Amino acid sequence: MLTHLQALEAESIHIMREVAAEARKPVMLYSIGKDSAVMLHLAMKAFYPSKPPFPLLHVDTTWKFAEMIAFRDQTVKRLGLDLLVHINPQGLEQGIGPFSHGSAVHTDIMKTQALKQALDEHGFDAAFGGARRDEEKSRAKERIFSFRSKAHRWDPKNQRPELWNAYNTRINRGESIRVFPLSNWTELDIWQYIHLENIPIVPLYFAAERPVVTRGGTMIMVDDDRMPLEPGEVPETRMVRFRTLGCYPLTGAIASTATSLPEIIQEMLVANTSEREGRVIDHDQAASMEKKKQEGYF
Amino acid sequence: MRPPADIQPQEVLDYLKAQEAKTLLRFLTCGSVDDGKSTLIGRLLYDSKLLFEDQLAALDVAAGNGQAGVPDLASLVDGLQAEQEQGITIDVAYRFFATETRKFIVADTPGHEQYTRNMATGASTADLAVILIDARKGVLTQTRRHSYIASLLGIRHVILAVNKMDLVGYGQDRFDDIVSDYFAFAQALGFAEITTIPVSALKGDNVISASTQMPWYSGPSLLEQLEAVDVARDVQDAPFRFPVQWVNRPDLDFRGYSGTVTSGSVRPGDEVTILPSFKTSRVERIVTFDGDLDEAFAGQAITLVLADQVDVSRGDVLACSDAPPEITDQFAAHLIWMHDEPLLPERSYLLKMANQTVPAVVTELKHVVNVNTMEQLAAKTLELNEIGFCNLALDRAVTYEPYKQTRELGGFVLIDRITNQTVGAGMIEFGLRRATNLVWQELYIDKARRSVMNKQRPCVLWFTGLSGSGKSTIASLVERRLHALTHRTYILDGDNVRHGLNKDLGFTDVDRVENIRRVAEVSSLMVDAGLIVLVSFISPFRNERRLARDMLGEGEFLEIFVDTPLEVCEARDPKGLYEKARAGDIKNFTGIDSPYEVPEQADITVDTTTLSPEAAAEHVVAVLKDRKLIE
């Protein structure tokens, strides 16, 4: 009998191959974080000895940690894959950012709208995302093959029944499908698999001395000089790491001395808060994730 | 469950090592609306300490309907905002937790009457069902339904959790009565194992560990049973089956077949039979990213390289040559209808199963199962959430096994060809007209030979449009022109056919589909005989026109949309039908109280408000010449 990680791996590979076989023009959303790292690793396995038959797409908000971008470029080079980077040109022109416009506007323009632009521009009909059902309540109900209308909207009330592994991939022109091969993985599964398979991850997950300021109880890393400091605010150097990665102004650090994978896993095992708590955008409003997802957020 | 807070790094490594050996159990929970299903799952997560502080804090905010002092466990599980407002779980949600020995994936499915569909969805990937009963209410109609659906979907292990024992004073008599009621009907369902456990999800009795409130019960707690149950579905010992999912061709030197082993095992050197061609070859390599394997088992996603250059494509099945599965183009199956629009027998749907996608029609609905009483009733259609037993016919043979043997080779979904919605799910019981080798009767004089002799390529000109749009007029003019050019033609007129061939049919949706099917079948025979067939039929539904198109070869079907606005047709009203329909004397009249679905990609569109019938006919003939259908 397969172990639980072997069973999860086989399921994810099956899902990816199904998309490769049935979609006209698939793409893999690559967000550089640990879940993306696992998803990409699984893609390398799924099609071996072929390369994954689709490009990677990174929607760059221009506010990612510098280390993330460096890791992204290294990874793509190491694996010899195609990477598309999309930045919302209107957002860039208007100087949209989390400090000047707030997290809600920034996320909508630079992430959700930017993603839709990129998908439309290239005409992708299937897009892999690394979301997991254990992350958040509305994700728990989403299908593995999740249908999107021509306007990229998700209708949680009208989802296609999904039985066995007979995935319905059929769409009409202009419609698309978001595919979540990690749906049945938990955060612990992800870390165990990274450990077992020795998968490279962004160094930000490991503790190091980093400059941070504390705002509203959240430690924000001063990743570059675009961060406006309030009067009297001085960045302090602290031993911190990140449980989840996104735009640096919107991602809270945690105090930690964990510099190795077992230490990270140990911290996670005894943690009292869930990983998305470090994300500012989830707290904006009740059921905020569900709303964002309906509008096209991943 | 989480380890203690003072766990050391070396212990973490040991812990991780131990975790690697965990197995996976997928189960589903089902019960009536108020049986406390969501509370039970919340309890499993809460007591196995898998809830984090911020999730608990969010619970307190979300609550409002929970009891004082007790976190509202159900609200953690009920996902979407709209559902929280309605106070019921309405879809399938997946939950995860793990113990020292197992990881669990829980499909939480609703107990509400209307949602058979969701339960079947959750059950399709589950190996065990936890069926909840409210101790105060005992075995209900829903309990029977859930048990029947679980057995239909191939679940062999059941845990009957008699919940809310705290509200019946933890009494053994009540529990025993319910258990004996349950066994009275569940025995017929053929479960391999039924475990009965008295619990209180709200208070935590017998959920994680033994309850002190019920000393009379000495069996396992719910969690203990979930950890202990052995669900090996004998798939490892079954013959080797491998549906090809993706042809792996990185360069000219490598050709492999990627897919997931659905049953049995395979080693290099094994002889395999390729279905449906029944050719054989030998396995040369089992390729994975982590190196070649000596053996692969059910559940593994691998890539096989064969020793011979044989033709293998997606949807083919590689199987051990000693016991290959059968192929068939007709079979009997249980079908669960999952869409608001009812099943129409004879309508063409797409059937997807084991990487094979094939047009399929339900040719005979033998009966509908009353899921409450398991009675078999006669029916003409299946409505949402109904379960029927029927025969299906496919456009070509597929490789299959009865669902009871292999879920992956016997479970299929039906997809609507226009909306692409998943409208049904089926489980194959047995093949009809089974074949271990399918041979067509070869006929010497065929369509191509007749075509040469007739100096025309036979085809169907399908005129669709509203009543009074001018279909028959234009078709008749086209035929006259073709006749003058010495082509062999025939007109099938909707009204005329209804006087003869189809005089037994009315105007319900089911009858309309049958009407079209017969006309399409007759046209197809005439095309085979070498004729140019002009069909003049309102044919208001895209699906039905597509059905007709699919019965003919590539390029043999031309859809001609006679585009005349309703007001114009109604003003013309050559047969006085619109007047009668408006007066209510004719029901289901297209354009009045029944829809006309405009063709999305008609081969020819004639606008009769700008073209005379003669000009329209000339245009049609010109297109036929353009397309080299006539000389």
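Keep in mind that what you see is a predicted model, and the values were worked out from it rather than measured.

Draft legend 1. Structural detail: the overall build of chain A. Across its full length, chain A holds 8 helices and 10 strands. Going through the 298 residues of chain A one by one, you find that 62% of them count as buried. Sequence separation of at least 24 residues holds for 73% of the intrachain contacts in chain A that already meet a minimum separation of 6. As displayed, chain A offers around 10,800 Å² of accessible surface, 50% of which is attributable to carbon and sulfur atoms.

Draft legend 2. Examining the sheet that holds strand E5 (residues 145–148) of chain A more closely. Residues and elements named next belong to chain A. Across the sheet, 6 strands lie side by side as E3-E2-E1-E4-E6-E5; this open sheet has mixed pairing. Edge positions in the sheet fall to strand E3 (83–86) and E5, since each of these pairs with one other strand and no more. Across the sheet, the mean angle from the axis of one strand to that of its neighbour is 30°, orientation sign disregarded. Looking at chain direction, strand E1 (residues 26–29) and strand E4 (residues 126–128) are connected through 3 bridges and run parallel. Looking across to E4, one finds that Pro26 is bridged to Ala126. Lying over the sheet, helix H3 (residues 66–79) contacts strand E2 (56–59) and E3, oriented at roughly 155° with respect to E3.

Draft legend 3. Looking closely at the pairing of strand E22 (residues 459–464) of chain B. Residues and elements named next belong to chain B. Judged by how many residues are buried, E22 sits mostly within the fold: 6 of 6 residues are covered. Burial along E22 is two-sided: Cys459, Leu461 and Phe463 and Val460, Trp462 and Thr464, pointing in opposite directions, are all buried. In this structure, E22 lies alongside strand E24 (residues 532–536), joined through 5 bridges in parallel fashion. For Leu461, the partnering residue across the bridge sits in E24 and is Leu534. Here 5 bridges tie E22 to strand E25 (residues 557–563), and the two strands are oriented parallel to one another. Across the sheet, Thr464 pairs through a bridge with Phe561, a residue of E25.

Draft legend 4. Seen up close, the packing of aromatic side chains. Scanning the entire structure with this criterion turns up 26 aromatic pairs over all chains. One aromatic cluster is present, built from ring pairs that chain together Trp63(A), Phe65(A), Phe99(A), Phe242(A) and Tyr248(A). Across from the ring centre of Trp63(A), 3.8 Å away, lies the NZ or CZ of Arg226(A), which sits over that ring. The residue whose ring lies beneath Arg144(B) is Phe185(B), and the NZ or CZ to ring-centre distance is 5.4 Å.

Draft legend 5. Examining the environment of Gly171(B) more closely. Residues and elements named next belong to chain B. Here Gly171 is to be found in the loop between strand E5 (157–163) and helix H8 (172–186). Gly171 gets classed as partly exposed once you look at its relative accessible area, which sits at 22%. Sequence separation between Gly171 and Trp216 is 45 residues, and the spatial gap between their C-alpha atoms is 9.1 Å. Excluding residues within four positions of it along the chain, Gly171 makes contact with Met165 and Trp216.

Draft legend 6. A look at helix H6 (residues 116–124) of chain B. Burial of H6(B) is extensive: 9 of the 9 residues sit out of reach of the surface. Three or more residues of H6(B) are buried, namely Thr116(B), Arg117(B), Asn118(B), Met119(B), Ala120(B), Thr121(B), Gly122(B), Ala123(B) and Ser124(B).

Draft legend 7. Structural view of the nonpolar core. Ranked by internal contacts, the top residues of the largest apolar core, which has 78 residues, are Phe27(B), Leu28(B), Phe97(B), Val130(B), Leu153(B), Tyr182(B) and Leu226(B). Other than its neighbours up to four places away in sequence, Val130(B) contacts Phe27(B), Leu28(B), Thr29(B), Cys30(B), Leu40(B), Ile159(B), Ala161(B), Leu222(B) and Leu226(B). Judged by nonpolar contacts, the second largest core, of 75 residues, contains Ile13(A), Met39(A), Val213(A) and Trp246(B).

Draft legend 8. Broad picture of the pattern of salt bridges. Taken as a whole and judged by the stated rule, the model has 43 salt bridges over all chains. Residue Asp35(A) is joined to Lys34(A) by a salt bridge in which the shortest nitrogen-to-oxygen separation is 3.6 Å. Here Asp290(B) ties to Lys45(A) by a salt bridge, and the two come within 2.8 Å at their closest N and O atoms. Highlighted residues: Asp290(B) in the loop between strand E11 (279–287) and strand E12 (296–297) and Lys45(A) in helix H2 (residues 34–47), drawn from two different chains. Owing to a relative accessible area of 53%, Asp290(B) belongs among the exposed residues under this scheme. A single salt-bridge network, built from bridges that share partners, covers Glu346(B), Asp504(B), Glu514(B), Arg517(B), Arg518(B) and Glu521(B).

Draft legend 9. Representation of the side chain of His334(B) within the structure. All names here are of chain B. Relative to the elements of secondary structure, His334 occurs in strand E15 (residues 326–337). Within the local environment of His334, its side chain forms a polar contact with the side chain of Glu429, the two groups lying 3.0 Å apart. Excluding its chain neighbours within four sequence positions, the residues that come into contact with His334 are Tyr148, Leu152, Ile387, Gly388, Phe389, Ala425, Gly426, Met427 and Glu429.

Draft legend 10. Helix H6 (residues 187–197) of chain A, seen in detail. Residue and element names in this part refer to chain A. In terms of residue burial, H6 counts as a mostly covered element, since 8 of its 11 residues are buried. Buried within H6 we find Glu187, Leu188, Asp189, Ile190, Trp191, Gln192, Tyr193 and Ile194. Asn198, located one to two residues past H6, shows a positive phi value of around 60°.

Conventions adopted
Throughout, a residue's number is its position along its own chain's written sequence, starting from 1. Numbering of ligands from 1 and lettering of chains from A proceed in the order in which they are written. In keeping with the model being predicted, local features are shown solely for residues with a pLDDT of at least 70 and side-chain atom pairs are shown and tallied solely at 80 or more, while totals for entire chains, interfaces and linings include all residues. Excluded from the side-chain calculations are hydrogens and water; all other atoms, namely the structure's heavy atoms, are used. Runs of H or I in DSSP of at least four residues are treated as helices and runs of E of at least two as strands, each being numbered from the N terminus. Summary of the burial criterion: residues with accessible area below 20% of their type's maximum are buried, those above 50% are exposed, and those between are partly exposed, where the area comes from a 1.4 Å probe applied to protein chains only. Here, two residues are considered to be in contact whenever any of their heavy atoms come within 4.5 Å of each other. Here the accessible surface of atoms and residues is derived via Shrake-Rupley with a 1.4 Å probe, and residues count as covered only by protein chains that are part of the display. In this description, strands pair whenever DSSP reports at least two bridges between them. To obtain an axis, a line is fitted to C-alpha atoms, over the contacting stretch when the element is a helix, and the angle between two such axes runs from 0 to 180 degrees between their N-to-C directions. The rule is short: rings of Phe, Tyr and Trp, with Trp giving its six-membered ring, pair when the centres are within 6.5 Å, and they are stacked under 30 degrees, edge-to-face over 60, tilted in between. In this analysis the charged atom, NZ for Lys or CZ for Arg, is taken to sit over a ring once it is within 6 Å of the ring centre and within 35 degrees of the ring normal. Take the buried Ala, Val, Leu, Ile, Met, Phe, Trp, Tyr and Cys residues and link them wherever side-chain atoms come within 4.5 Å; each set so joined is a nonpolar core. Salt bridge, as used here, is a side-chain nitrogen of Lys or Arg placed within 4 Å of a carboxyl oxygen of Asp or Glu. Polar contact is the term for a pair of N or O atoms within 3.5 Å; when the atoms are in protein, one must be able to donate a hydrogen and the other to accept it, and sequence-neighboring residues count only if both atoms are side-chain atoms.

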